[in-house]
Amino acid sequence: MTDATDTSENVFTVEHRVPTAEREARNGHRGGVLWFTGLSGAGKSTLAFSLDEALFADGYHTFVLDGDNMRRGINADLGFSPAHRSENIRRVGEVAALFAASGTICISAFISPYRAHRAQARAAAGDHFHEIYVRAALETCERRDPKRLYERARAGEIANFTGIDDPYEAPDAPELVVDTDRLSVEESVRKVRAYVHREFRLT
């Protein structure tokens, strides 16, 4: 990672000539960040991509930032140390905020286990940020375990795995809770879709 002190004195803010409000007016909806947080296996990515399809069909301008995809690209240089995890979420938060400023609804699906990291992402996006807790019990996530990550963590093959030997700090006051222990994918999509219709549409 580049040391920010190498360049910070030579970086200046350049204002966009098209305000976010004008971009939103053209799109017919507000821009924003739907930040999905929850344990691995809670259903964040499944919900994010299903919601993306549904909202696109409704006429919204949307895009999904997914944890695995980001680590293959812009965050490919990062590992899973505490410092790198923090930087991973910092970068994602900044990218998501740019999407929101463009009038797009950015759906971000990341475990993001620490409240401090999510607070940093919220600070980047400001009022555009909507924290959505995709809630599922650890037992449920372990039972699903589509990538065999919990199995490998229990076997000692993966260190510092969230929910096993690293904590997950549940949101204190998320804008929305989606309980995937109780709701199907379709029901979960309907719940978030209704929230978006209510909070993002311009009347």
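Structure: see above.
Along each chain, residues carry numbers from 1 onward, in the same order as the chain's sequence is written. Two thresholds apply to this predicted model, a pLDDT of at least 70 for residue-level local features and 80 or more for giving and counting side-chain atom pairs, whereas whole-chain, interface and lining totals are computed over all residues. To obtain the side-chain values, all non-hydrogen atoms of the structure were included, while hydrogens and water were left out.

K.L.:
Which residues make up helix H2 (residues 44-57), and what values do they have?
P.N.:
Helix and strand definitions follow DSSP, with helices as H or I runs of at least four residues and strands as E runs of at least two, each counted in order from the N terminus. Residue count minus one, scaled by 1.5 Å, sets the expected span of a helix. Taking 1.5 Å per residue, 14 residues should reach 20 Å; H2 reaches 20 Å between its end C-alpha atoms and fits that length. Looking only at H2, the buried set comprises Lys44, Leu47, Ala48, Leu51, Asp52, Ala54 and Leu55. Contacts were defined at the residue level, with two residues in contact if any of their heavy atoms lie within 4.5 Å. Buried residues in H2 make contact with strand E1 (32-37), strand E2 (62-66), strand E3 (105-109), strand E4 (129-135), strand E5 (176-179) and helix H8 (185-200). Of the residues one or two after H2, glycine 59 is the one with positive phi, at around 100°. Here's how the labels work: a residue is buried when its accessible area is under 20% of the maximum for its type, exposed when over 50%, partly exposed in between, all with a 1.4 Å probe on protein chains only.

K.L.:
Residue-level account of the layout of surface pockets, with values.
P.N.:
Any empty space left between atoms is shown by rolling a water-sized probe over those atoms. For cavity detection a 1 Å grid was placed over the protein atoms alone, and a set of points counts as a cavity when a 1.4 Å probe fits there but cannot get out; an open set counts as a pocket when protein lies on both sides within 12 Å along at least five of seven lines, with lining residues being those that have an atom within 4 Å of a point. Grid points are joined across faces, edges and corners, and a volume is the space filled by probe spheres set on the points. Its volume calculated, the largest pocket comes out at about 1,000 Å³. Around the largest pocket, the lining comprises 40 residues; the ones closest to its centre are Ser40, Asp68, Ile111, Lys147 and Leu149. Listing elements by their share of the lining of the largest pocket, those giving two or more residues are H2, helix H3 (67-72), helix H4 (82-101), helix H6 (138-144), helix H7 (149-154) and H8. No other element matches H2, which puts four residues into the lining of the largest pocket. Along the lines of polarity and charge, the residues of the lining of the largest pocket split into 18 nonpolar, 14 polar and eight charged. Around the second largest pocket, the lining residues are Thr13, Val14, Glu15, His16, Val18, Thr20, Arg23, Glu94, Ala97, Leu98, Ala101 and Ser102. Contributing elements (two or more residues each) for the lining of the second largest pocket: helix H1 (20-27) and H4. Of all the elements, H4 adds the most residues to the lining of the second largest pocket, at four residues. Charged means Asp, Glu, Lys or Arg here, nonpolar means Ala, Val, Leu, Ile, Met, Phe, Trp, Tyr, Cys or Pro, and polar covers whatever is left, Gly included. The residue makeup of the lining of the second largest pocket, split by class, is five nonpolar, four polar and three charged.

K.L.:
Talk me through H4; I want residue IDs and the actual numbers.
P.N.:
Look at H4: 29 Å from first C-alpha to last across 20 residues, which is about the 28 Å you get at 1.5 Å a residue. Turning to H4, its buried residues are Arg85, Glu87, Asn88, Ile89, Arg91, Val92, Gly93, Val95, Ala96, Ala97 and Ala100. Along its buried surface, H4 packs onto H1, E1, E2, H3, E3 and helix H5 (115-125). Of the residues flanking the end of H4, it is glycine 103, one or two places downstream, whose phi is positive at about 90°.

K.L.:
Could you give an account of the side chain of threonine 162, naming the residues involved and the relevant values?
P.N.:
Looking at the element boundaries, threonine 162 is found in the loop between H7 and E5. Excluding residues that lie within four positions of it along the chain, threonine 162 makes contacts with Leu39, Arg85, Ile111, Pro113, Tyr150, Pro167 and Tyr168.

K.L.:
Lay out the nonpolar core with the relevant residues and their values.
P.N.:
Buried residues of nine kinds, namely Ala, Val, Leu, Ile, Met, Phe, Trp, Tyr and Cys, make up a nonpolar core once their side-chain atoms join them within 4.5 Å. Within the largest apolar cluster, 33 residues are counted, with the highest numbers of intra-cluster contacts made by Leu34, Phe36, Leu51, Ile107, Val192 and Val196. For this core, the secondary structure elements donating two or more residues are E1, H2, E3, E4, H7, E5 and H8. Excluding residues within four positions of it along the chain, phenylalanine 36 makes contact with Lys44, Leu47, Ala48, Leu51, Ile107, Ser108, Ala109, Phe110, Ser112, Ile132, Val134 and Val192. The next biggest cluster of nonpolar side chains, apart from the first, holds 15 residues, and it includes Trp35, Leu65, Met70 and Val92.

K.L.:
A description of the pairing of E4 should follow, citing residues and the corresponding values.
P.N.:
Burial runs high along E4: six of the seven residues are buried. We treat two strands as partners when DSSP finds at least two bridges between them. Pairing geometry for E1 and E4, over five bridges, is parallel. Residue pairing across strands places tryptophan 35 opposite glutamate 131, the latter belonging to E4. With four bridges joining them, E4 and E5 adopt parallel strand pairing.

K.L.:
Before we move on, could you go through the packing of aromatic side chains and cite the residues and values that matter?
P.N.:
Two aromatic rings from Phe, Tyr or Trp, using only the six-membered ring of Trp, form a pair when their centres are within 6.5 Å; if the ring planes differ by under 30 degrees the pair is stacked, by over 60 it is edge-to-face, and anything between is tilted. Throughout the structure, instances matching the rule amount to five aromatic pairs. Pairing phenylalanine 63 with phenylalanine 99 gives two aromatic rings, centres 5.4 Å apart and planes at 5°, and the pair type is stacked. With phenylalanine 63 in strand E2 and phenylalanine 99 in helix H4, this pair connects stretches of sequence that are 36 residues apart. Judged by centre distance (5.0 Å) and plane angle (85°), the rings of tyrosine 150 and phenylalanine 161 are edge-to-face. Placement of the pair is tyrosine 150 in helix H7 and phenylalanine 161 in the loop between H7 and E5, with a sequence separation of eleven residues. When its relative accessible area of 10% is taken as the criterion, phenylalanine 161 is described as buried. Taken together, Trp35, Phe110 and Phe129 form an aromatic cluster joined through their ring pairs. Sitting over the face of the ring of phenylalanine 80, arginine 71 holds its NZ or CZ atom 3.9 Å from the ring centroid. Placement of a positive charge over a ring is assigned whenever Lys NZ or Arg CZ falls within 6 Å of the ring centre and within 35 degrees of the normal to the ring plane.

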